[in-house]
Amino acid sequence: MKATINGLEVGFEASDTILDVARRNGIHIPTLCELHDINHSPATCRVCLVEVHQVEGAEPSYLTACDTAMGEGWRIMTRTPVVREKRRVQMEMTLADHHQDCATCSRTGDCELLDAADSVGLQRVRFQRRPLATTALDIPENAAIIYDQTRCIRCLRCVTVCREIQTVDAFEVVGRGAKAGVRIRNADSAGESACVACGQCVMVCPTGALTERDQTQQVVDYLADPDIITVFQIAPAIRVGFGEEFGLPAGTNVEGQVVTALHRIGADMVLDTSFAADLVIMEEGNEVLQRLRKGEGPVMTSCCPGWVSFAEKNYPEILPHLSTSRSPQQCLGSLVKSYLPKKMGVRADKIRMVSIMPCTAKKEEAAREEFCHDGIKDVDVVLTIREFARLLRHEGVDLKALPATPFDSPHLAEYTGAGVIFGTSGGVMEAAIRTLYYAVNGKELGQIEVEAVRGSEHLRSASIDVGGDVGQVRVAICHSLKAARSLVESVKAGESEYDFIEVMACPGGCIHGGGHLRGKHRYFKQVEQRRDALYSADRQKQVRQSHHNVQVQKLYEEYLEHPLSHRSHELLHTHYRDRKHPACADIQAIWQELDAHRTTEEA
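Residues numbered from 1 in each chain as written. Predicted model: local features only at pLDDT ≥ 70, side-chain atom pairs only at ≥ 80, totals over all residues. Heavy atoms only, no water.

**Focus: the side chain of T211**
Note that T211 resides in strand β9 (residues 210-212). Classification of T211 by relative accessible area gives buried; the value is 11%. Side-chain polar atoms of T211 contact the side chain of S106, separated by 3.2 Å. Within the structure, the side chain of T211 is placed 3.5 Å from the side chain of E212, a separation counted as a polar contact. If we skip the residues at most four places from it in the chain, T211 touches S106, A144, I145, I146, V202 and R518. (Helix = DSSP H or I, 4+ residues; strand = E, 2+ residues; numbered from the N terminus. Buried < 20%, exposed > 50% of the residue type's maximum accessible area, 1.4 Å probe, protein only. Polar contact = N/O pair within 3.5 Å; in protein donor to acceptor, adjacent residues only side chain to side chain. Contact = heavy atoms within 4.5 Å.)

**Remarks on the sheet that holds strand β1 (residues 2-5)**
Read from one edge to the other, the open sheet built from five strands follows the order β2-β1-β5-β3-β4, with strand pairing classed as mixed. Unpaired on one side and paired on the other, β2 (8-11) and β4 (61-64) mark the two borders of the sheet. Going from strand to strand, the sheet's axes swing by 35 degrees on average, the running direction of each strand aside. Sheet analysis places β1 next to strand β5 (residues 75-77), joined by two bridges and oriented parallel. (Pairing = 2+ DSSP bridges. Axes fitted to C-alpha atoms, helices over the stretch in contact; angles between N-to-C directions.)

**Some remarks on the domain arrangement of the chain**
One frequently used descriptor of interface size is the decrease in accessible area upon assembly of the parts. Along its sequence, the chain is carved into domain 1 (2-119), domain 2 (145-213) and domain 3 (216-572). Each of domain 2 and domain 3 has a C-alpha centre, and the two are 27 Å apart. On the side of domain 3, 27 residues touch domain 2, which itself brings 26 residues to the contact. Contact with domain 3 buries area across many residues of domain 2, yet V196, M203 and E212 alone supply 33% of it, more than any other trio. In this structure, E212 and R390 form a salt bridge, with 2.9 Å as the shortest nitrogen-oxygen distance. Seen at the junction of domain 2 and domain 3, the total is 18 residue pairs in polar contact (both at pLDDT 80 or more). (Domains from an automatic or database assignment. Buried area = accessible area lost by both parts, 1.4 Å probe. Salt bridge = Lys/Arg side-chain N within 4 Å of Asp/Glu carboxyl O.)

**Remarks on the packing of helix α9 (residues 273-294) against helix α19 (residues 550-560)**
Packed helix pairs are specified by the crossing angle of their axes together with the interaxial distance, meaning the distance between the axes. Their axes nearest at 10 Å, the elements α9 and α19 cross at an angle of 65 degrees. The handedness of the crossing between α9 and α19 is right-handed. Contacts between α9 and α19 involve F275, D278, L279, M282 and E283 from the former and Q551, V552, L555, Y556 and L560 from the latter. Of the residues that constitute the contact of α9 with α19, the class distribution is seven nonpolar, one polar and two charged. (Left-handed = near helix turned anticlockwise from the far one by under 90°. Nonpolar A, V, L, I, M, F, W, Y, C, P; charged D, E, K, R; others polar.)

**So, the environment of D408**
You can see D408 is positioned in the loop between α14 (385-394) and α15 (417-420). C-alpha of D408 to C-alpha of D272: the two residues are 136 residues apart in sequence and 9.2 Å apart in space. Look past the residues within four positions of D408 in its chain and what remains in contact with it is H263, D268, M269 and V270. Among the polar contacts listed, one links the side chain of D408 to the side chain of H263, at a separation of 2.9 Å. At 2.6 Å, the side chain of D408 forms a polar contact with the backbone nitrogen of V270.

**Re the pattern of salt bridges**
The final tally for this structure, using the stated rule, is 46 salt bridges. R386 is the salt-bridge partner of E212, the closest N and O atoms lying 2.8 Å from each other. Linking E212 in strand β9 with R386 in helix α14, this pair joins segments that are 174 residues apart in sequence. When sorted by exposure, E212 lands in the same class as R386, which is buried. A salt bridge links R434 to E430; the nearest nitrogen and oxygen atoms lie 2.8 Å apart. Residue R434 and its partner E430 are located together in helix α16 (residues 427-441), separated by four residues, close to a single helical turn. Here R434 falls in the buried class, since its relative accessible area comes to 1%. You can call E430 buried: its relative accessible area is 0%. Overlapping salt bridges bring together E430, R434, E449, E451, R454, D538 and R544 as one network.

Printed below as a string of structure tokens:
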């Protein structure tokens, strides 16, 4: 089929929208609410208006390009004076609803709304701003994610990603017309909602309406206090997902530069969370082995706090199947407040542990009451990558110009290749298999790279021969909460049988966590480059198995005794609690129920 855009003849398929055809032919149409890689085109912003001549000689129509199917013989104009004026007026009305104090916004200098305003040639706003007629939420003090309704433009991206990608469905649209808005579903407080703080809504928000709770000034207070010892830890995914902010190619490993940057701003010690990932493998691996030998499967990983929260709120009946091992962040925090003070000869209450994570859910994890003892938190503050970038810019530090320096501590900083691949989906499983095989057979796995558990499919499975008295281990790996829900339902129904399951809440794992840098007009950004960079870092390490980490071995000799010891259980393990959230029926569920009822009647 044929049509024309700005006089250019273009071919198209019946399923193509005007925007699809324009993009394929290099013709720019401004957009704002649309996000093509999650198939989201609600046309709520109306910035993509175009002039459509369906019948020659007839009056043109002005239609949104993102959701209008291209028609045979149509003549599309994208830059007529009328089109451009309509776009500008639409943008004026959007800004009239929007809190325009850009200096205090988390997206200042990186805002899709302002980009769209510039794209349509907006030079003035004639309409006076009025507040949205929606109810304000009570945001808990320890909430990881802040929702500022005064900055919401009703693009509905958050609704789509939470409902379709994560199946959490924590948002809903309320009201009509000028009173329409997005709010937390079925809750007066964000703390009571179905939200698990995965942060994927933040990743797609085009404005500062959804953002992490900014704790950068709290960290600056620590750095400025001469009586406080500031200890930082950086997650495996940070090294390959941070350089982009400073103009480096996606996937560039900036591990050493991050260490240098932290010392430049006053950090006393910088540690690697990958060390604790190796430690978790020792604890979790032995726990898995015990349960497998007792036939107590499946065992599910517990290093992802978004997944743990999802399980507590949706499937509390499976909590006994979760590994009791804490996440690497919390294991390292626990040791920094117990083991490290003994080695340094300082008081634990003088140490502040700051984590730099690709994850918003880590903020809520650090605030859990079980990770605070005698008023001392294991992890005091969690900064997302975005917060860390702001902190360095505030301090005038250009990462790209810095030399690389190694991690500090001779006690808690060494890591293996197994520890670093924790940052990608399948990495925890692969690291565990390397050590499980050694624990069972007393020798190394022949092929250290376990290709069977690698990949990008949201739900994948394999059977791994661990040998010895264990034999074949049926494993599953899933990333995204939609895949996690599907897997749990399958296991509960007896349709799938697994021994060991890795779950990560965010699509792709930590390399696409809710605390990562955001991409404009794109959701799933540069994940492949980050994944490849982590696997490259693994291959470059001389030691690639967690059980060969010398500092981990020394830690057991000096302090923990052995995996699953009494002290290990006190410092490195945890428990979970039933926080069951009542499910709400939605339109999709109602239609499915009606279809099932109709099928039964017809039968």
